[in-house]
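If you want the building blocks of each chain, they are given just below.
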Amino acid sequence: MIGSSRLTRPARAATFAAALLMLVGMTTVSTTTHTASAADAPGAATTSDTAQLQQDTLAAAAERTGRYFGAAVAAHKLSDSTYVGILNREFNSVTAENEMKIDALEPQQGQFTYGNADRIVNHAIQQGKDVRGHTLAWHSQQPQWMQNMSGSALRQAMLHHVTQVASYYRGKIHSWDVVNEAFADGNSGARRDSNLQRTGDDWIEAAFRAARAADPNAKLCYNDYNTDNWQHAKTQAVYRMVQDFKSRGVPIDCVGFQAHFNSGNPVPNNYHTTLQNFADLGVDVQITELDIEGSGNSQAEQYRGVTQACLAVTRCTGITVWGIRDSDSWRASGTPLLFDDNGGKKAAYYGVMEALGGDGGTNPPEEPGPGDCTTTYTAGQQWNDRFNGEVRVSGTDNWIVTVTIGSRQQVINTWNATVSWDSSGRVMTARPNGNGNTFGLTILHGGDWAWPSLNCRTA
Ligand code: 9MR
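Residues numbered from 1 in each chain as written. Predicted model: local features only at pLDDT ≥ 70, side-chain atom pairs only at ≥ 80, totals over all residues. Heavy atoms only, no water.

Engineer: Is there a simple way to think about the site of the ligand in this case?
Structural biologist: With respect to spatial proximity, 13 residues lie near the ligand, and among them Glu-97, Lys-101, His-134, Gln-141 and Glu-289 are the closest. Gln-258 has a polar side-chain atom sitting 2.9 Å from a nitrogen atom of the ligand. Between the ligand and Glu-289, the relevant distance is 2.6 Å, taken from a nitrogen atom to a side-chain nitrogen or oxygen of the residue. Protein contact buries 74% of the 460 Å² of open area that the ligand shows by itself. The class makeup of the residues in the shell around the ligand is three nonpolar, six polar and four charged. (Near = heavy atom within 4 Å. Polar contact = N/O pair within 3.5 Å; in protein donor to acceptor, adjacent residues only side chain to side chain. Areas by Shrake-Rupley, 256 points an atom, 1.4 Å probe, with all protein chains shown as cover. Nonpolar A, V, L, I, M, F, W, Y, C, P; charged D, E, K, R; others polar.)

Below, the structure written as structure tokens:
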């Protein structure tokens with residue numbers, strides 16, 4: 001283990017600094033995780049030493065901080081061995097992606113079908129993992145019979161559902177998303193209009209009381225999206241509701257932040273403030289559906305920042321990512337998860353792992369070798385359809401830098417380097433062309449503003 005930590009520590013320091021910059025909003029500079037210093041240190045471990053070490057996992061690293069690390073799981077994928085292999089190895093909490101929603105569990109009024117949900121819950125229990133229950137009351141994914149209901153009949157049906165499901169799973173659920181997405185988007189700070197909301201403002205607290213009565217030991221959460229930015233009206237409105245619930249003794253234990261991020265909805269630089277302010281109300285906070293569209297270093301830095309924000313809040317008790325491989329995601333085209341389509345660990349995975357203080361194991365970009373070099377990316381001018389970036393190389397004058405871009409992106413111009421492309425069209429290899437150690441490129445972004453991922457070696 002000694003050799004391993006020697007290998008990763010310098011990289012951690014560099015990337016920690018980059019993450020801190022991100023958290024305070026200075027998102028223009030990113031440094032790759034390559035560094036030569038560890039390899040130069042006398043007695044440092046060799047690559048083969050490192051390869052023999054047992055690899056750390058997200059679950060183990062999170063657990064050492066007193067937190068869980070979970071994933072959303074689909075029952076029909078439990079027969080996919082790659083999927084289950086990653087699930088069993090890396091995660092110690094599970095959320096059913098769709099199988100515990102109202103339409104899945106009570107398709108006909110009063111008739112409950114637990115088959116697919118049970119497959120997930122039983123798998124989790126057999127593997128010693130916690131289960132997050134998602135979700136007891138929601139305006140969406142209601143079965144047809146519920147969609148057609150209103151007034152007191154709907155209120156009773158909703159409470160019956162909460163009671164039946166929470167009782168059925170009593171003792172097996174770590175945390176329930178009792179109510180999901182009950183606030184409107186935009187600046188109103190109002191409740192979302194829905195058939196449930198039209199049964200009266202108190203429908204949310206009624207659901208929480210019913211859930212507490214049915215499963216007194218489960219933590220009861222309110223869960224929503226677009227509540228990450230402390231300045232947003234929706235965030236403030238949810239905060240006031242939780243404050244009110246706590247002051248009146250409505251049984252609420254936790255707030256779930258879904259955390260679905262992309263270029264239009266980036267990780268806010270006040271994210272930590274949001275989590276801390278909610279925690280200060282006397283509830284746990286959980287990141288419940290994390291995904292961040294993008295690729296490479298930019299995506300990794302955002303994952304790192306979110307993880308660090310959670311770690312900085314004592315009552316942030318765990319993180320769940322919304323799927324395992326990119327191809328499992330509800331937003332697969334945005335490649336928003338920690339594992340690629342083949343189940344390989346992405347830069348984003350190592351960003352999370354390093355933030356957790358874990359040992360990235362045999363992450364290839366962290367294995368210093370002869371001829372190692374460092375790249376620094378600086379974002380340049382931006383237009384509607386494209387952006388410029390510059391890559392500065394240090395450690396050698398004789399570099400080969402690979403630049404990997406997103407699937408929707410295209411490099412339309414380069415300067416100060418000789419470049420060639422692989423057959424995928426996503427990996428550009430750049431070499432010096434006599435104009436020094438800084439080269440530039442223009443990327444047509446196709447809606448994906450993520451910075452390219454960089455890798456440097458000496459020729
Ligand atoms: O990932 C889920 C997707 O498979 C479903 O089609 C969709 C239907 O509503 O729900 C997705 O999960 C949502 C979660 O339950 C609540 N927050 C938003 C998630 C992404 O849409």
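Engineer: What exactly am I supposed to notice about the pairing of strand E13 (residues 399-404) here?
Structural biologist: Of all six residues making up E13, five are buried, and the element is well covered by its neighbours. Summarising the sheet, E13 and strand E18 (residues 453-458) pair through six bridges and their orientation is antiparallel. Bridging across to E18, Trp-399 finds its partner in Thr-458. Both E13 and strand E16 (residues 427-431) contribute to a ladder of four bridges, which runs antiparallel. Bridge pairing links Thr-402 to Thr-429 in E16. (Buried < 20%, exposed > 50% of the residue type's maximum accessible area, 1.4 Å probe, protein only. Helix = DSSP H or I, 4+ residues; strand = E, 2+ residues; numbered from the N terminus. Pairing = 2+ DSSP bridges.)

Engineer: What's the story with the packing of helix H9 (residues 151-168) against helix H10 (residues 203-214) in this structure? I'm lost.
Structural biologist: When two helices pack together, you describe them by how their axes are tilted relative to each other and by the distance separating the axes. Contact pair H9 / H10: the axes reach a minimum separation of 8 Å and the direction vectors enclose 30°. Comparing the axis directions of H9 and H10 gives the class roughly parallel. Read as a crossing pair, H9 and H10 show a hand that is right-handed. Two secondary-structure elements touch here, H9 through Arg-155, Met-158, Leu-159, Val-162, Thr-163, Ala-166 and Ser-167 and H10 through Trp-203, Ala-206, Ala-207, Ala-210, Ala-211 and Ala-214. Classifying every residue of the contact of H9 with H10 gives ten nonpolar, two polar and one charged. (Axes fitted to C-alpha atoms, helices over the stretch in contact; angles between N-to-C directions. Parallel < 35°, antiparallel > 145°, perpendicular 65-115°, else oblique. Left-handed = near helix turned anticlockwise from the far one by under 90°. Contact = heavy atoms within 4.5 Å.)

Function cannot be read off these values alone, since they describe shape.
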